[in-house]
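Take a look at the letters that make up each chain.
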Number of protein chains: 2
Amino acid sequence: MAGFRLAPRLESDSVFLTDWPLCQLRLMDDARFPWLILVPRREGLEEWTELSAQDTGILSAEIARAGGGLAQMFNPRKLNVGALGNIVRQMHVHVIARFETDAGWPGPVWGQGTRTAYADAERDRLCTELLRRLG
Amino acid sequence: MAGFRLAPRLESDSVFLTDWPLCQLRLMDDARFPWLILVPRREGLEEWTELSAQDTGILSAEIARAGGGLAQMFNPRKLNVGALGNIVRQMHVHVIARFETDAGWPGPVWGQGTRTAYADAERDRLCTELLRRLG
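Only a predicted model underlies this, so the values are computations on that prediction, with no experimental measurement involved.

Caption draft 1: Seen up close, the nonpolar core. One finds W48(A), W48(B) and V93(B) to be the most contacted residues of the largest nonpolar core, which totals 57 residues. When residues in this core are grouped by element, the largest group, six residues, is from helix α2 (residues 53–74) of chain B. Membership of the second largest hydrophobic core comes to 28 residues, among which are F4(A), V88(A), A7(B) and V88(B).

Caption draft 2: Layout of helix α3 (residues 120–134) of chain B. Between its first and last C-alpha, α3(B) extends 21 Å over 15 residues, near the 21 Å set by a 1.5 Å rise per residue. Residues of α3(B) that are buried make contact with β1 (14–19), β2 (23–28), β3 (35–40) and α2 of chain B.

Caption draft 3: Representation of the relation of the copies chain A and chain B. Of the two same-sequence chains, chain A is brought onto chain B (RMSD 0.0 Å, axial shift 0.0 Å) by a rotation of 180°. The superposition operator between the copies reduces to a two-fold rotation axis.

Caption draft 4: Molecular detail of the interface of chain A and chain B. Counting from both sides, the interface comprises 30 residues of chain A and, opposite them, 30 residues of chain B. When the area that chain A buries against chain B is broken down by residue, the three leading residues are W48(A), K78(A) and N86(A), summing to 24%. With a shortest N-O distance of 2.9 Å, E47(B) and K78(A) are connected by a salt bridge. The interface formed by chain A and chain B holds 24 residue pairs in polar contact (both at pLDDT 80 or more) in total.

Caption draft 5: The pairing of strand β4 (residues 78–83) of chain B, seen in detail. With respect to burial, β4(B) is a largely interior element, six of its six residues being buried. Covered by surrounding structure in β4(B) are K78(B), N80(B) and G82(B) together with L79(B), V81(B) and A83(B), the residues of both alternating faces. For strand β4 (residues 78–83) of chain A and β4(B), the ladder comprises three bridges, and the chain directions are antiparallel. Looking across to β4(B), one finds that G82(A) is bridged to G82(B). Bridge count for β4(B) against strand β5 (residues 93–98) of chain B is five bridges, and the pairing is antiparallel. Within β5(B), the position partnered with L79(B) by the bridge is A97(B).

Caption draft 6: Molecular detail of the packing of aromatic side chains. Inspection of every chain in the model, using the stated rule, returns four aromatic pairs over all chains. Centroid distance F33(A) to W35(A): 6.1 Å. Interplanar angle 70°. Geometry classified as edge-to-face. Residues F33(A) and W35(A) agree in their burial class; the two are buried. Note on W110(A) and W110(B): the rings are 5.8 Å apart at their centroids and 45° apart in plane angle, and the pair reads as tilted. Of this pair, W110(A) sits in the loop between β5 (93–98) and α3 (120–134) while W110(B) sits in the loop between β5 and α3, on two different chains.

Caption draft 7: Geometry of the packing of helix α2 (residues 53–74) of chain A against α3(A). Residue and element names in this part refer to chain A. The N-to-C vectors of α2 and α3 enclose an angle of 120°; their axes lie 10 Å apart at closest approach. Here α2 is positioned oblique relative to α3, judged by the angle of their axes. Crossing hand, α2 versus α3: right-handed. Facing R65, A66, G69, L70, Q72, M73 and F74 of α2, the residues of α3 in contact are L126, E129, L130, R133 and L134.

Caption draft 8: Looking closely at unusual backbone geometry. Residue and element names in this part refer to chain A. In this model, W105 is joined to P106 through a cis peptide bond whose omega is 0°. For N75, which is not a glycine, the phi torsion comes out positive at approximately 45°. Along the chain, the position of N75 falls in the loop between α2 and β4.

Caption draft 9: The sheet that holds β4(A), seen in detail. The sheet built from 10 strands is open, its strands ordered β1(A)-β2(A)-β3(A)-β5(A)-β4(A)-β4(B)-β5(B)-β3(B)-β2(B)-β1(B) with antiparallel pairing. For this open sheet the edge positions go to β1 (14–19) of chain A together with β1 of chain B, each flanked by a neighbour on one side alone. Neighbouring strand axes in the sheet, compared pairwise and without regard to direction, differ in orientation by 20° on average. Strand contacts of α3(A): β1, β2 (23–28) and β3 (35–40) of chain A, with the helix running at about 25° to β1(A), the strand carrying the most contacts. Here α3(B) sits on the sheet in contact with β1, β2 and β3 of chain B, set at roughly 25° to β1(B).

Quick notes on the rules
- Residues numbered from 1 in each chain as written.
- Chains lettered and ligands numbered in written order.
- Predicted model: local features only at pLDDT ≥ 70, side-chain atom pairs only at ≥ 80, totals over all residues.
- Heavy atoms only, no water.
- Core = buried A, V, L, I, M, F, W, Y, C linked by side-chain atoms within 4.5 Å.
- Buried < 20%, exposed > 50% of the residue type's maximum accessible area, 1.4 Å probe, protein only.
- Helix = DSSP H or I, 4+ residues; strand = E, 2+ residues; numbered from the N terminus.
- Expected span 1.5 Å × (residues − 1).
- Contact = heavy atoms within 4.5 Å.
- Least-squares fit on C-alpha atoms with pLDDT ≥ 70 in both.
- Buried area = accessible area lost by both parts, 1.4 Å probe.
- Salt bridge = Lys/Arg side-chain N within 4 Å of Asp/Glu carboxyl O.
- Polar contact = N/O pair within 3.5 Å; in protein donor to acceptor, adjacent residues only side chain to side chain.
- Pairing = 2+ DSSP bridges.
- Phe/Tyr/Trp six-rings, centres within 6.5 Å; stacked < 30°, edge-to-face > 60°.
- Axes fitted to C-alpha atoms, helices over the stretch in contact; angles between N-to-C directions.
- Parallel < 35°, antiparallel > 145°, perpendicular 65-115°, else oblique.
- Left-handed = near helix turned anticlockwise from the far one by under 90°.

None of this, on its own, says anything about what the molecule does.
Dropping the structure here:
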């Protein structure tokens, strides 16, 4: 994907897992929620409506794939999917495992409280396990 | 779609616009934000991961169609797309036109403030215009 560059805020708040056919898959570095981010590797993309017809279908399948991995690993009460972009314009899709006991339930995670980075060992362990199931 | 029934909370908070191939398209009755809701007409569906491969693609295309209509009508700063379901379990996808001047910017709309129903004439006018562009 010539020219694809990740927005600095996505780079700093999340860690690389792998590249899927359309999206770069990343783990949000927030120990409060099991939280994946999918970033379509298309330079300049901001809106769902700007995806090609083909990419529109692939994105939805990759959301399901990410959600399926989280569901298998964490058995959440609910998956949350969101593409907002009010702050970081580069298109990215959040896929989050939610629990009735989590820090934001039943509200959305965005704009709630403060991100809590994983301890290094925990982040490494989680990335390894996610890649085993999703890579 | 045998057996499809709308959750009472979706029924009371939004109004019917039309049925697309997969989703029922509804207008959220909240004058603070131009806000569409897509409800896949599949009984018992709660999660993105439960959609068939075919429906997964159709849903994404219908999100783009809804977003395109809002963008054309309102020229928003950003579209927001979200499938949460922490409160209403029936799968539904929000597609919302956002502005830097709106009541929740740059945060998400969910869980922010109180829904403000449209005046009847305004709701009717908006539904007519949305159907003209999206029907």
